[in-house]
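# Geometric and topological summary
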Amino acid sequence: MAAIYSLYIINKSGGLIFHKDYGSAGRMDTNDSLRLASLWHSMHAISQQLSPTLGCSGIELLEADTFDLHCFQSLTGTKFFVVCEPGTQHMEGLLKFIYELYTDYVLKNPFYEMEMPIRCELFDINLSQAVQKDRVALLGR
């Protein structure tokens with residue numbers, strides 16, 4: 001069974017710019033993915049405003065009975081979040097590595113337009129390799 005169910009990347013306006021499913025359980029159609037991304041963006045923004053802690057950057061981990069949702073927000077407001085098995089460790093490191101792949105293969109692509117859906121073959125290839133390496137590392141623990 002895969003530790004990572006899916007990956008989402010949301011632009012600073014709350015629009016879904018990338019989505020990839022890695023598990024067969026709980027697959028969503030495109031409309032559900034768009035709704036989830038929009039809902040997460042809104043919850044993240046509200047949590048920043050309601051937090052009693054000064055300088056809170058929003059929700060980083062949402063734990064449920066059947067999944068965990070880990071989130072990383074870049075300085076530009078782009079959010080990367082992974083839906084994974086409950087109790088999966090070291091997702092923060094994976095999200096930061098995915099952000100590095102995003103900066104290397106998407107933002108440096110001269111044909112990519114900011115805030116638009118990601119269509120970059122090198123990003124897809126390197127992302128698949130990173131997720132596969134993470135799965136192997138999780139199984140070895």
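Residues numbered from 1 in each chain as written. Predicted model: local features only at pLDDT ≥ 70, side-chain atom pairs only at ≥ 80, totals over all residues. Heavy atoms only, no water.

The protein chain is annotated in an unreviewed UniProt entry as Trafficking protein particle complex subunit of Vitis rotundifolia. Listed in UniProt under the heading Sequence similarities (unreviewed entry), the comment for the protein chain reads: "Belongs to the TRAPP small subunits family. TRAPPC4 subfamily." Its UniProt record gives the protein chain the following Subunit (unreviewed entry) comment, quoted word for word: "Part of the multisubunit transport protein particle (TRAPP) complex." (UniProt positions renumbered as here; feature names shortened; annotations may be inferred.)

As a further point, take the sheet that holds strand 5 (residues 79-84). Strand order in the open sheet formed by five strands is 2-1-5-4-3, with antiparallel pairing between adjacent strands. Either end of the sheet is taken by a strand with one partner, and the two such strands are strand 2 (16-21) and strand 3 (61-63). Within the sheet, the average angular offset between the axes of one strand and its neighbour, ignoring direction, is 10 degrees. Relative to strand 5, helix 1 (residues 30-50) is tilted by about 115 degrees, and along the sheet it contacts strand 1 (4-10), strand 2, strand 3, strand 4 (68-73) and strand 5. Lying on the sheet, helix 2 (residues 91-107) is in contact with strand 1, strand 2, strand 4 and strand 5; it crosses strand 5 at an angle near 135 degrees. (Pairing = 2+ DSSP bridges. Helix = DSSP H or I, 4+ residues; strand = E, 2+ residues; numbered from the N terminus. Axes fitted to C-alpha atoms, helices over the stretch in contact; angles between N-to-C directions. Contact = heavy atoms within 4.5 Å.)

Okay, the confidence of the model for the protein chain next. Summary statistics for the protein chain give a mean pLDDT of 88 and a share of 91% for residues scoring 70 or more. Here helix 3 (residues 121-140) stands out as the least confident element of the protein chain, with mean pLDDT 80; helix 2 is the most confident, with 95. (pLDDT = per-residue confidence, 0-100.)

Ranked by internal contacts, the top residues of the largest apolar core, which has 24 residues, are Leu7, Tyr102, Ile118, Phe123 and Leu127. Elements with a minimum of two residues in this core: strand 1, strand 2, strand 5, helix 2 and helix 3. Ranked by residues supplied to this core, first place goes to helix 2 with seven residues. Membership of the second largest hydrophobic core comes to 10 residues, among which are Tyr8, Ile10, Trp40 and Val83. (Core = buried A, V, L, I, M, F, W, Y, C linked by side-chain atoms within 4.5 Å. Buried < 20%, exposed > 50% of the residue type's maximum accessible area, 1.4 Å probe, protein only.)

Okay, the pattern of salt bridges next. All chains considered together, the criterion is met by two salt bridges. Salt-bridge contacts for arginine 35 lead to aspartate 32; the nearest nitrogen and oxygen are separated by 2.4 Å. One end of the pair, arginine 35, and the other, aspartate 32, are both in helix 1, three residues apart, so they sit about a helical turn from each other. One salt bridge connects aspartate 104 with lysine 108, and the closest N-O pair in it is separated by 3.3 Å. Assessed through its relative accessible area of 38%, aspartate 104 is described here as partly exposed. Take lysine 108: its relative accessible area is 61%, and that puts it in the exposed class. (Salt bridge = Lys/Arg side-chain N within 4 Å of Asp/Glu carboxyl O.)

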